[in-house]
Amino acid sequence: MTNVYWHSPERGISYLGRLRAMNKIKEKTLLLLLVYAPWVNVINYRTTPVIASSLMALFIGLLTVESFVWRSKINEEYFDIIKKNPFLFLAFISLLGYSIFCQKISDFFIFFNLFLLLLLVIPLFVDIRAFCRSYFDVYLSYLIIVVSLSIIVDFILLNTGYASVQPMYNSENITYLERPFGLFGQPSVNSTLICVFYLLKRYLHDIWGLGRVRNIYFVFVVLGVMCQGSGSGFISFALLLIPVWGYRFKAFKYAFILLLLGGIYYISLTDLVEKISVSYLTFLYDFVVDIFHLYLAHISSTSALIWGEVSPTVMIPIDFGPIFYITHSGILLYVVFIVTLVYLSVKEKNYNFRYAIILLFIGGLHYPVMFYVVMHFIWLLLFFVVFRKVRLT
């Protein structure tokens, strides 16, 4: 029998119109999930982890229902990335091993594990290519503004006697009480991430030919970093200046970098900024060494080293990101993740992109910056842009 539906131009056009409308609705649902992502820490802290996780599950559930009702096709293009990238394949092997050996189900949804789960699920429902073209740049703008404003508002509250009104305020975190808590509740994470988001926005503008990033976003970054007063943030901002201003000096590029490093060295010697002073860095080094020794002394088995989880009676502080990550997720998954990022940096030669990765590495030495919830979604979109060279056309 002849298929009248497909041989009717009017019906064919109507079908394509409905398909586009359905895809747009799913993209908007994913966008709502991404808009919610940076607020997970606040919701989790002010209510309960169950509520924070349930809201995220709700959006993913909506995507599932929409895809099931409209019988969407699987976005096979993203799965080709997984099949052709040996590092991601190893990451999934690591995740499989972790799922067998992990002792806490809650740990299964933190750090790089969550990204791998999203990598398996989200492409089933949404055309990531179309979503990146439509919303990735706008989403980075949203993150820069929201995170910076959270720091600025908390800074004002802190200096007007209303410190306890800060959404992430925690009186038990004594070392943070004199600085804004911001959206993520941790000074290093707040300031490092706004620098990273800004560099990634510049990266998208470079590869998509969107022109210069508006100066207002740089102003937000400057205000955020200055109000936050984090040592990691100041270092991240100093490194951010290299790709931002270095290209303007072309012939003097290396002189500019040396001048910048000289400035940081001078500040560290004079204790002008406490968090990057020699005395603080020396204290931090000794503290990290103590954490490392604590970790080595309490590795309970070979599987604990490979897949994570030291003795449950020992609490490894979060202050040194790599050890904290390895404790929870294992050395194999950590190494695979780091190698993947190095591979991405080699593959993508854009300086803004490379410096964004460098900032994440440096920030990650202090706290697991690159594994906060919002970053899992950034990785999801960024991997597609880098591996598939997504264009606006």
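What counts and how
Residues numbered from 1 in each chain as written. Predicted model: local features only at pLDDT ≥ 70, side-chain atom pairs only at ≥ 80, totals over all residues. Heavy atoms only, no water. Helix = DSSP H or I, 4+ residues; strand = E, 2+ residues; numbered from the N terminus. Buried < 20%, exposed > 50% of the residue type's maximum accessible area, 1.4 Å probe, protein only. Contact = heavy atoms within 4.5 Å. Areas by Shrake-Rupley, 256 points an atom, 1.4 Å probe, with all protein chains shown as cover. Phe/Tyr/Trp six-rings, centres within 6.5 Å; stacked < 30°, edge-to-face > 60°. Lys NZ or Arg CZ within 6 Å of the ring centre and 35° of its normal. Axes fitted to C-alpha atoms, helices over the stretch in contact; angles between N-to-C directions. Left-handed = near helix turned anticlockwise from the far one by under 90°. Nonpolar A, V, L, I, M, F, W, Y, C, P; charged D, E, K, R; others polar. Parallel < 35°, antiparallel > 145°, perpendicular 65-115°, else oblique. Core = buried A, V, L, I, M, F, W, Y, C linked by side-chain atoms within 4.5 Å. Salt bridge = Lys/Arg side-chain N within 4 Å of Asp/Glu carboxyl O. pLDDT = per-residue confidence, 0-100.

A few points about the overall build of the protein
Counting its secondary structure elements, the protein contains 17 helices and 0 strands. Here the protein holds 393 residues, and 51% of them are scored as buried. A sequence separation of at least 24 residues applies to 70% of the contacts in the protein between residues at least 6 apart. With an accessible surface of roughly 19,200 Å², the protein has 69% of that area assigned to carbon and sulfur atoms.

Section: the packing of aromatic side chains
All chains considered together, the criterion is met by 9 aromatic pairs. Taking 6.1 Å as the distance between ring centres and 45° as the angle between the ring planes, the aromatic pair formed by Tyr36 and Phe59 counts as tilted. Placement of the pair is Tyr36 in helix H1 (residues 9-36) and Phe59 in helix H3 (residues 49-69), with a sequence separation of 23 residues. Following the ring pairs from residue to residue traces out a cluster consisting of Tyr198, Phe218 and Phe237. Taking the ring centre of Tyr217 as reference, the NZ or CZ of Lys201 above it sits at 4.8 Å.

Some details on the packing of helix H7 (residues 128-158) against helix H9 (residues 215-228)
Across the interface, H7 lies against H9 with an axial gap of 9 Å and an inter-helix angle of 35°. In this structure, the crossing between H7 and H9 has a hand that is left-handed. Two secondary-structure elements touch here, H7 through Ser141, Ile144, Ile145, Ser148, Leu149, Ile151, Ile152 and Phe155 and H9 through Tyr217, Phe220, Val221, Leu223, Gly224, Cys227 and Gln228. Here the contact of H7 with H9 is composed, by residue class, of 11 nonpolar, 4 polar and no charged.

Structural notes on the packing of helix H8 (residues 187-208) against helix H17 (residues 373-388)
Between H8 and H17, the shortest axis-to-axis distance is 13 Å and the interhelical angle comes to 20°. As far as their axial angle goes, H17 and H8 are roughly parallel. Two packed elements cross with a definite hand, and for H8 against H17 that hand is left-handed. The residues of H17 that touch H8, namely those facing Leu193, Phe197, Leu200, Tyr203, Leu204, Ile207 and Trp208, are Val374, Met375, Ile378, Leu382, Val385 and Val386. Grouping the amino acids of the contact of H8 with H17 by side-chain chemistry returns 13 nonpolar, no polar and no charged.

Side note on the nonpolar core
By size, the foremost hydrophobic cluster in this structure holds 101 residues, and its most contacted members are Phe136, Phe197, Leu240 and Trp379. With 14 residues, the single largest contributor to this core is H17. Those residues in contact with Leu240 that sit more than four places away from it in its chain are Cys195, Tyr198, Leu199, Phe218 and Val221.

Here's the deal with the environment of Ser236
Among the secondary structure elements, Ser236 is positioned in helix H10 (residues 231-249). What makes Ser236 buried here is its relative accessible area of 2%. Those residues in contact with Ser236 that sit more than four places away from it in its chain are Thr192, Cys195 and Leu359.

Description of the pattern of salt bridges
Where charged atoms from two side chains of opposite charge approach closely, those side chains can pair. Inspection of every chain in the model, using the stated rule, returns 2 salt bridges. The closest approach of N and O atoms between Glu27 and Lys24, which form a salt bridge, is 3.8 Å. Remark: Lys24 and Glu27 occur in helix H1; sequence separation between them is 3 residues, near one turn of the helix. The residue Asp137 makes a salt bridge to Lys201 at a minimum N-O spacing of 2.9 Å. Of this pair, Asp137 sits in helix H7 while Lys201 sits in helix H8; the two residues are 64 residues apart in sequence, bridging distant segments of the chain. Judged by its relative accessible area of 15%, Asp137 falls in the buried class. Residue classification places Lys201 among the buried residues on the basis of a relative accessible area of 2%.

Focus on the confidence of the model for the protein
Summing up the model confidence of the protein, the mean pLDDT is 77 and the portion of residues at 70 or higher is 70%. Averaged pLDDT values over the elements of the protein bottom out at 63 in helix H11 (residues 253-270) and peak at 94 in H9. Per-residue pLDDT stays below 50 along residues 1-7; that stretch engages in 7 contacts with residues further than four places along the chain or on separate chains.

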